[in-house]
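# Understanding the architecture of this molecule
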Amino acid sequence: MKLKAEKPKKQKKHMSRRVKVWILFIVLLIICAVPAVFQNNAFGYIPGILLILMFIFGHLYVAVLKKAVVFEEVSDLQNCSRGADSRFSVTVRNRSPLAITRMEILFFVSDIFGGDDSTETEIITMAPFEKRQFDFDVRFDHIGNYEAGLKKVTLFDIFGLFTAELDNEKRCKVRVSPRIYDITKLHVANATAAESKQTLQVLIDGNDYAGTREYVIGDPIKHIHWKQSARKDNSYMTKQFEAYGNTGLSIIIDCHSGNYEPELMMTAFDGIVESALSAEDYGRRNGMETEILYIDRKNSRKRFIS
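Reference entry: report on the structure contained in this document.

Along its length, the protein chain carries five helices and 14 strands. Out of the 306 residues belonging to the protein chain, those deemed buried represent 30%. Taking the intrachain contacts of the protein chain between residues at least 6 apart in sequence as the baseline, contacts between residues at least 24 apart amount to 65%. Total accessible area computed for the protein chain in this model is approximately 21,100 Å², and 56% of it derives from carbon and sulfur atoms.

For an α-helix, the turn length of 3.6 residues means that residues three or four places apart are oriented alike. With 23 residues, helix α2 (residues 46-68) should reach 33 Å at 1.5 Å per residue; the first-to-last C-alpha distance of 32 Å fits that figure. Among the residues of α2, those classed as buried are G48, L51, F55, G58, Y61, V62, L65 and A68.

The next thing to look at is the nonpolar core. Judged by nonpolar contacts, the single largest core of 34 residues is most densely connected at V92, M103, I105, F107, F140, L155 and V174. Of all elements in the fold, only α2, β3 (85-94), β4 (100-110), β5 (116-126), β6 (131-139), β7 (144-156), β8 (163-167) and β9 (172-177) reach the threshold of two or more residues within this core. Counting residues in each nonpolar core, the second largest holds five residues, with I251, A276, A279 and I292 among its members.

What follows concerns a nonpolar patch on the surface. A cluster of nonpolar side chains, namely Y45, I46, I49, L50, I52, L53, I56 and L60, defines an oily patch on the protein surface of about 740 Å² accessible area. Here I46 lies in helix α2.

This part is about helix α5 (residues 266-285). Between its first and last C-alpha, α5 extends 28 Å over 20 residues, near the 28 Å set by a 1.5 Å rise per residue. Buried within α5 are the following residues: M266, D270, V273, E274, A276, S278, A279, E280, D281 and G283. Buried residues along α5 sit against β12 (248-252) and β13 (289-295). In the segment just after α5, G287 is the residue with positive phi, at about 80°.

Right, let's get into the environment of L106. The residue L106 is located in strand β4 in this model. On the basis of relative accessibility, which here comes to 15%, the residue L106 falls in the buried class. Along the primary structure L106 and V153 are separated by 47 residues, whereas in three dimensions their C-alpha atoms are 6.3 Å apart. Setting aside residues up to four positions removed in sequence, L106 forms contacts with T119, E120, T121, G149, L150, K151 and K152.

The topology assignment puts N168 in the loop between β8 and β9. With residues near it in sequence (within four places) discarded, N168 still touches F71, E73, L150, K151 and K152.

A separate point is unusual backbone geometry. The phi torsion at F129 lies on the positive side, around 60°, for a residue other than glycine. Counting through the fold element by element, F129 comes out in the loop between β5 and β6.

Moving on: the pairing of β3. Two faces, one strand: in a regular strand the side chains alternate between the faces of the sheet. With seven of ten residues buried, β3 is to be regarded as a mostly interior element. Of the pairings in the sheet, the one linking strand β1 (residues 69-75) to β3 comprises seven bridges and is antiparallel in character. Paired with V74 across the strands is S89, a residue of β3. Strand direction decides the pairing type here: β3 and β6, joined by nine bridges, are antiparallel. Bridge pairing in β6 places S89 opposite D135.

Ordered by their spatial adjacency, three strands build an open sheet running β1-β3-β6, and the pairing between neighbours is antiparallel. Two strands bound the open sheet, and with one partner strand each, they are β1 and β6. The average undirected angle you get between the axes of adjacent strands in this sheet is 20°. This element, α2, spans β1 and β3 of the sheet and lies at about 30° to β1.

Rules used in this analysis
In this convention, every chain numbers its residues from 1, walking through the sequence in written order. Note on the predicted model: pLDDT of at least 70 is required for a residue's local features to be given, and 80 or more for side-chain atom pairs to be given and counted; whole-chain, interface and lining totals, by contrast, use all residues. Only heavy atoms go into the side-chain values, all of them from the structure, while hydrogens and water stay out. Per the convention used, a helix needs a DSSP run of H or I reaching at least four residues, while a strand needs a run of E reaching at least two, with both numbered from the N terminus. The classification of residues rests on relative accessible area computed with a 1.4 Å probe and restricted to protein chains. Under 20% of the type maximum is buried, over 50% is exposed, and intermediate values are partly exposed. Contacts are assigned to residue pairs that have any heavy atoms within 4.5 Å of one another. Using a 1.4 Å probe, accessible areas were evaluated by the Shrake-Rupley method; residue-level cover was limited to the displayed protein chains. The span one expects for a helix is its residue count, reduced by one, times 1.5 Å. Take the buried Ala, Val, Leu, Ile, Met, Phe, Trp, Tyr and Cys residues and link them wherever side-chain atoms come within 4.5 Å; each set so joined is a nonpolar core. Exposure above 30% relative accessible area and the lack of any salt bridge qualify a residue for a patch; like charges then connect within 9 Å, and the nonpolar side chains Val, Leu, Ile, Met, Phe, Trp and Tyr within 5 Å. A carboxyl oxygen of Asp or Glu within 4 Å of a side-chain nitrogen of Lys or Arg is what we treat as a salt bridge. We treat two strands as partners when DSSP finds at least two bridges between them. Axis definition: a line fitted to C-alpha atoms, over the contacting stretch in the case of helices. Angles run 0 to 180 degrees between N-to-C directions.

Structural data, given as structure tokens:
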């Protein structure tokens, strides 16, 4: 559920509770007025007066708590890697001499689309001037921007009739970065390794002599090794030279998902991004000039150079 669509529902629920409280107050006030009508003396008004004082006291009680309760978040969620556990800590303090008989603390983690991925509610009581701390481990399975931490605190008065909500406007912003893998440590199958070694060295003009191989049509005649060719029957041998220079690496990212839903493509998108960045990291650490080419959401071509 999106957060924007959730707000009217919360207001409706809050208004429904307020209406119920006032209906209850009116009903009880009518009941308390019965002794005053029949007795017609000061003692008959005592129940009604006590009821009014109770409602005033409850309202003032929760108003004082709303000013006295403070919370603070401490986390390392600002920059974390996908799939890694990150911890955040929330400290709630009651600065008043009043006891809190009921407090609901709502913790949440958003999803990449702005809705709530998971929520957890803690119901506690607090003594005067008490401080409580809550620690949680959070893991994000996909790359993107999120929000996490304390969402709101709901306070109840001593009678459980009135409530007050404290929204956390400074919610923790989380930027989940892709994991970078060391390509040199990746397992390579035997068939793939054998295929990768079947490469021909480049013939160039230079002094970096690398060996000889059999002559094929198209090789320069000046590179023929005549001494070794004389030892072969009906075959020529040509010289090989190593290619040298600073090579470059261009990585093209294609994130076109066709008609698939974005939720279904999140894992594939993570793999594509992490593969590209891992290849870029490998090339940069080996002295290559690297670049990543991709198309953004506005269908514009972008180029990233480390």
